[in-house]
Amino acid sequence: MPERALLEYLLETRRSDTSMVETLEARDMLLGRPALPPQFAEQLDAIRSISRIGALLQNQMVMTAFQPIYGLEGKTVVGAEALSRFVSDDGAAAELWFAEAAAVGLGANLEFAALGSAAAAAQDLPEDLYVSLNISPTSCLDPRLPELFEHIELPIDRVVLELTEDIPEEEYLQFISAINPLREQGLRIAVDDTHTGAGSLSRMIHLQPDFLKVGRNVIGDVDKDGLQRALAACLVDFTEQAGITLVAEGIETVGELKVLTELGISAGQGYLLGRPSVRPEDWTNWNTRLDVDGLERQLAGPGDSPTVSRGRKSP
């Protein structure tokens, strides 16, 4: 049970760290020693972070959950996004682990460990699904990226690299030079709409990504808000003309799902359609065709009309 092993290991590590700190603090109080200078305290924190991240990497304790991505017209699963999972006693989110690793210079190491874990887990996915892997643009410049595709079983034409950040302006040309040879082999690229500056938009058009992912800022209440609906419709027109697949993230209600489908958005994901799971037996259930009316009946309360849809917020 990798989850149990990881939890036990991290709990023990945290207990040891806490015990050491409490012992040192108690000794300093008894001896009347002054508190550590800020720079030394920061160095101590960095050492602890390096120890924690190093233990994760050394023991290969990175798990992968997959969340289904549905084609909205055909109502079948077309892909899956790989999401890293770390079990810890404080419930720290994956983003915090990656941020901590980046702060001590181990960000790329943790990213490639996550990529390797996801590629290995993807062998249990249906072979007709594409697999979306999250990566920072900076890590795309790492020579380990092309080497990764030489050593994993997952074919490169099934891989979509989903950029987690905007491409720094000073790295843009390097990024294009590094990623284009892989794209010629079948690799695809996805960007999201979180970076809306003019410079980012022009670079996105020049990059010509295969997928554009939009989140709650675009699709939230699209079934109730006329401006949101108009914005989504504009993006549908833009991506169709640009030859980009538009994916809606964070779909929460049946009403949103119906409107997004009517507008012609290509694909969608969210808690309404399927939660991330580390269990292969859950992935096999994705072969079932999406039943929108069944979802609506399931979410409607005993006293509600079947036409009233209610969703649950994604954390």
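Residues numbered from 1 in each chain as written. Predicted model: local features only at pLDDT ≥ 70, side-chain atom pairs only at ≥ 80, totals over all residues. Heavy atoms only, no water.

## Remarks on the overall build of the protein chain
When its secondary structure is counted, the protein chain shows 13 helices and eight strands. The proportion of buried residues among the 315 residues of the protein chain is 45%. Considering only contacts in the protein chain between residues 6 or more positions apart, those separated by 24 or more positions represent 69%. Here the protein chain has roughly 16800 Å² of accessible surface; of this, 53% comes from carbon and sulfur atoms. (Helix = DSSP H or I, 4+ residues; strand = E, 2+ residues; numbered from the N terminus. Buried < 20%, exposed > 50% of the residue type's maximum accessible area, 1.4 Å probe, protein only. Contact = heavy atoms within 4.5 Å. Areas by Shrake-Rupley, 256 points an atom, 1.4 Å probe, with all protein chains shown as cover.)

## Some words on the packing of aromatic side chains
Following the criterion strictly, the structure yields two aromatic pairs and no others. Judged by centre distance (4.8 Å) and plane angle (85 degrees), the ring pair of Phe 66 and Trp 283 falls under edge-to-face. Here Phe 66 is found in strand 1 (residues 63-71), whereas its partner Trp 283 is found in helix 12 (residues 280-284), with 217 residues between them in sequence. Between the aromatic rings of Tyr 130 and Phe 211, the centroid separation amounts to 5.1 Å while the plane-to-plane angle is 40 degrees, which identifies the pairing as tilted. Of this pair, Tyr 130 sits in strand 3 (residues 130-135) while Phe 211 sits in strand 6 (residues 211-214); the two residues are 81 residues apart in sequence, bridging distant segments of the chain. For Tyr 130, a relative accessible area of 9% translates into the label buried. Exposure remark for Phe 211: the relative accessible area of 6% places this residue in the buried category. (Phe/Tyr/Trp six-rings, centres within 6.5 Å; stacked < 30°, edge-to-face > 60°.)

## Some remarks on helix 13 (residues 292-299)
Along helix 13, the positions that sit buried rather than exposed are Val 292, Gly 294, Leu 295 and Glu 296. Check the buried side of helix 13 and you find it contacts helix 11 (254-263).

## Here's the deal with the side chain of Ser 132
As for its placement among the helices and strands, Ser 132 is situated in strand 3. For Ser 132, the side chain forms a polar contact with the side chain of Glu 162, separated by 2.8 Å. With sequence-adjacent residues up to four places away left out, Ser 132 is seen in contact with Ala 80, Glu 81, Ala 82, Val 160 and Glu 162. (Polar contact = N/O pair within 3.5 Å; in protein donor to acceptor, adjacent residues only side chain to side chain.)

## Some thoughts on the pairing of strand 4 (residues 159-163)
Among the five residues of strand 4, five are classified as buried, and the element is accordingly described as predominantly covered. Relative to strand 4, strand 3 runs parallel, the two sharing five bridges. Each residue of the ladder has a partner; that of Ile 135, found in strand 4, is Leu 163. Two elements, strand 4 and strand 5 (residues 188-192), share three bridges in a ladder whose sense is parallel. Residue pairing across strands places Glu 162 opposite Ala 190, the latter belonging to strand 5. Each parallel crossover has a hand, and for strand 4 linked through helix 7 (residues 172-184) to strand 5 it is right-handed. (Pairing = 2+ DSSP bridges. Right-handed = clockwise from strand over helix to strand, strands pointing away.)

## Concerning the nonpolar core
Core analysis: the biggest nonpolar cluster contains 63 residues, and Phe 66, Leu 145 and Leu 161 have the highest contact counts within it. Membership of the second largest hydrophobic core comes to 11 residues, among which are Leu 56, Ala 94, Ala 101 and Ala 114. (Core = buried A, V, L, I, M, F, W, Y, C linked by side-chain atoms within 4.5 Å.)

## So, the confidence of the model for the protein chain
For residues with low pLDDT, the predicted coordinates do not support detailed interpretation. On average, residues of the protein chain score 81 in pLDDT, and 77% of them are at 70 or above. A low-confidence stretch, residues 305-315 stays under pLDDT 50, and its non-local contacts, those more than four residues away or across chains, total 23 contacts. (pLDDT = per-residue confidence, 0-100.)

## Details of the packing of helix 10 (residues 226-242) against helix 11
Interaxial distance between helix 10 and helix 11 falls to 10 Å at its minimum, and their mutual angle equals 40 degrees. It follows that helix 10 is oblique to helix 11 by the angle criterion. As helix 10 packs across helix 11, the resulting crossing turns out to be right-handed. Note on element contacts: helix 11 touches helix 10 through Val 259, Glu 262 and Leu 263, opposite Arg 229, Ala 232, Ala 233 and Val 236. (Axes fitted to C-alpha atoms, helices over the stretch in contact; angles between N-to-C directions. Parallel < 35°, antiparallel > 145°, perpendicular 65-115°, else oblique. Left-handed = near helix turned anticlockwise from the far one by under 90°.)

## Brief notes about the pairing of strand 7 (residues 245-248)
Note that strand 6 and strand 7 share four bridges and pair parallel. Paired with Phe 211 across the two strands is Thr 245, which belongs to strand 7. For strand 7 and strand 8 (residues 267-268), the ladder comprises two bridges, and the chain directions are parallel. Across the sheet, Val 247 pairs through a bridge with Ala 267, a residue of strand 8. In this fold, strand 7 hands off to helix 11, which returns the chain to strand 8; that crossover is right-handed.

## Overview of the pattern of salt bridges
Tallied over the entire structure, the rule returns 10 salt bridges. Here Arg 229 and Glu 262 are joined by a salt bridge, their closest N and O atoms 3.8 Å apart. Of this pair, Arg 229 sits in helix 10 while Glu 262 sits in helix 11, and the two are 33 residues apart along the sequence. Its relative accessible area of 34% is what places Arg 229 among the partly exposed residues. Residue Glu 262 is classed as exposed on the basis of its relative accessible area, which comes to 58%. Members of the salt-bridge network, linked through shared partners, are Glu 81, Glu 162, Lys 213 and Glu 249. (Salt bridge = Lys/Arg side-chain N within 4 Å of Asp/Glu carboxyl O.)

## Points about the environment of Gly 268
For Gly 268, the position within the fold is in strand 8. Taking the relative accessible area as the measure of exposure, Gly 268 reaches 0% and is therefore buried. Along the sequence, Gly 268 and Tyr 70 sit 198 residues apart, while their C-alpha atoms lie 5.3 Å from each other. The contacts of Gly 268, once residues within four sequence positions are left out, are Pro 68, Ile 69, Tyr 70, Leu 72, Val 247, Ala 248, Ile 251 and Leu 273.

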